[in-house]
Amino acid sequence: MRLRNITGSRETIAASPYVIQEAVQPKCPGNWKDIFGNENPLHIEIGMGKGKFIHTMAKAHPEINYIGIEKYSSVLLRAIQKMEREELSNLKFLRMDAENITSVFGPGEVDRIYLNFSDPWPKDRHAKRRLPSGEFLARYRVILKPGGKLEFKTDNRDLFDFAVGELEPAGWKAELVTYDLHGDEELLKGNVMTEYEEKFSAMGNPICKYIISPDGPAGK
Ligand code: SAM
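All residue numbers refer to position in the chain's written sequence, counted from 1. With pLDDT at 70 or above as the cut-off, local features in this predicted model cover only qualifying residues; side-chain atom pairs require 80 or more to be listed or tallied, and sums for whole chains, interfaces and linings still use all residues. Working from all heavy atoms in the structure, the side-chain values ignore hydrogens and water.

Draft legend 1. Focus on the nonpolar core. We call a set of buried Ala, Val, Leu, Ile, Met, Phe, Trp, Tyr and Cys residues a nonpolar core when their side-chain atoms join them within 4.5 Å. Note on exposure labels: buried denotes an accessible area under 20% of the residue type's maximum, exposed denotes more than 50%, and partly exposed covers the range between, all computed with a 1.4 Å probe on protein chains only. Counting 36 residues, the largest nonpolar core has Ile44, Ile46, Phe105, Ile113, Tyr140 and Leu150 as the members making the most contacts within it. Secondary structure elements with two or more residues in this core: helix H2 (32-36), strand E1 (42-46), strand E2 (65-70), strand E4 (110-116), helix H5 (134-143), strand E5 (144-154), helix H6 (157-170) and strand E7 (208-214). The helix count covers DSSP runs of H or I at least four residues long, the strand count covers runs of E at least two residues long, and both are numbered beginning at the N terminus. When residues of this core are assigned to their parent elements, the largest contribution, five residues, is made by H6. Within the second largest apolar cluster, 19 residues are counted, among which are Tyr18, Phe53, Leu76 and Phe93.

Draft legend 2. Main features of the packing of H5 against H6. Between N-to-C directions, angles span 0 to 180 degrees; the directions come from axes that are lines fitted to C-alpha atoms, helices contributing only their stretch in contact. Across the interface, H5 lies against H6 with an axial gap of 9 Å and an inter-helix angle of 55°. It follows that H5 is oblique to H6 by the angle criterion. Helix-helix and strand crossings are classified by hand; for H5 and H6 the assignment is right-handed. For the pair H5 and H6, the contacting residues are Gly134, Leu137 and Arg141 in the first and Glu166, Leu167 and Ala170 in the second. Any angle from 65 to 115 degrees is called roughly perpendicular, while one under 35 is roughly parallel, one over 145 is roughly antiparallel, and all others are oblique. We call a crossing left-handed when the near helix sits turned anticlockwise from the far one by less than a right angle, and right-handed when that turn is clockwise. Working rule for contacts: check all heavy atoms of both residues, and any pair within 4.5 Å makes them a contact.

Draft legend 3. How the structure looks around the side chain of Ser201. With respect to the helices and strands, the residue Ser201 is situated in helix H8 (residues 195-202). Of the polar contacts made by the side chain of Ser201, one reaches the backbone oxygen of Glu197; its length is 2.6 Å. Apart from residues no more than four positions distant in its own chain, Ser201 is found in contact with His182, Met193 and Ile207. In protein, a polar contact means a hydrogen-donor-capable atom and an acceptor-capable atom, both N or O and within 3.5 Å, with residues adjacent in sequence counting only if both atoms are side-chain atoms; elsewhere, any N or O pair within 3.5 Å suffices.

Draft legend 4. Region of the structure containing the packing of aromatic side chains. Paired rings are identified among Phe, Tyr and Trp, the last through its six-membered ring, by centres lying within 6.5 Å, and are further divided according to the angle between planes into stacked (under 30 degrees), edge-to-face (over 60) and tilted (the rest). For the structure shown, the criterion picks out nine aromatic pairs. Relative to Phe36, the ring of Trp32 has its centre 6.3 Å away and its plane inclined at 40°; by these criteria the two rings are tilted. Placement of the pair is Trp32 and Phe36 together in helix H2, with a separation of four residues, close to one helical turn. Centre to centre, the rings of Phe160 and Tyr210 are 5.7 Å apart; their planes meet at 40°, and the pair counts as tilted. Of this pair, Phe160 sits in helix H6 while Tyr210 sits in strand E7, and the two are 50 residues apart along the sequence. Accessibility classification places Phe160 together with Tyr210 in one group, the buried group. Put simply, the rings of Phe152, Phe160, Tyr179 and Tyr210 touch in pairs and so form one group of aromatic residues. Two limits define a charge over a ring: the Lys NZ or Arg CZ must be within 6 Å of the ring centre, and within 35 degrees of the ring normal. Above the plane of the ring of Trp121 lies Arg129, whose end atom (NZ or CZ) is 4.7 Å from the centre. Sitting above the plane of the Phe162 ring, Arg130 keeps its charged end 4.5 Å from the centroid.

It is worth stressing that arrangement in space is one thing and function is another; only the former is reported here.
Structure (structure tokens):
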């Protein structure tokens with residue numbers, strides 16, 4: 001998702017109490033419990049867009065700490081505006097490229113990772129940029145706690161097939177794979193729709209989802 005540049009978005013982000021500022025990010029690994037001031041589990045969404053999913057999740061689960069990660073200022077601004085309308089003490093934002101995710105979370109610090117409707121990067125030469133690629137799975141493995149899980153949803157069948165194919169070579173196992181989340185009443189219980197999910201499911205696109213976990217210890 002890229003929105004047109006919004007004048008002042010960088011300044012708004014730089015002044016926002018909801019954003020962990022770039023200068024502070026190097027101090028974050030291993031210190032998220034101090035940042036939130038509690039011992040609660042840590043769940044992150046990578047590529048959160050305008051933040052509907054993570055804001056809804058944080059509101060529903062005050063016993064969990066949430067971080068929304070977004071690369072673009074103009075998009076992050078929308079999530080900040082949502083927080084200004086309804087402030088939540090268990091939600092914070094990082095403006096960064098997820099490529100550098102291991103520089104903000106310590107080994108085993110994250111309990112759950114959400115990827116929702118990640119950019120498909122359809123050209124083969126860009127496959128490494130896909131957020132569910134083997135390259136990214138290697139980074140997620142480092143920051144995930146033993147027993148931690150990653151959930152991925154998309155309506156893009158090509159991207160989903162690619163993502164499923166990456167699991168075994170990267171040393172991950174699937175606990176759930178569905179090609180029609182909205183057609184399964186049981187799986188749909190507790191499902192929080194993202195902005196893209198609302199849009200594409202309304203168009204009749206089936207929504208794919210997997211839940212995965214590392215197969216074996218970190219560093220494999
Ligand atoms: N998750 C939201 C949803 O489901 O409605 C937004 C989906 S949108 C297609 C993908 C988002 O991921 C965009 O806002 C994009 O800027 C962000 N993104 C893509 N690559 C990223 C990266 N490497 N690091 C951080 N954010 C990224």
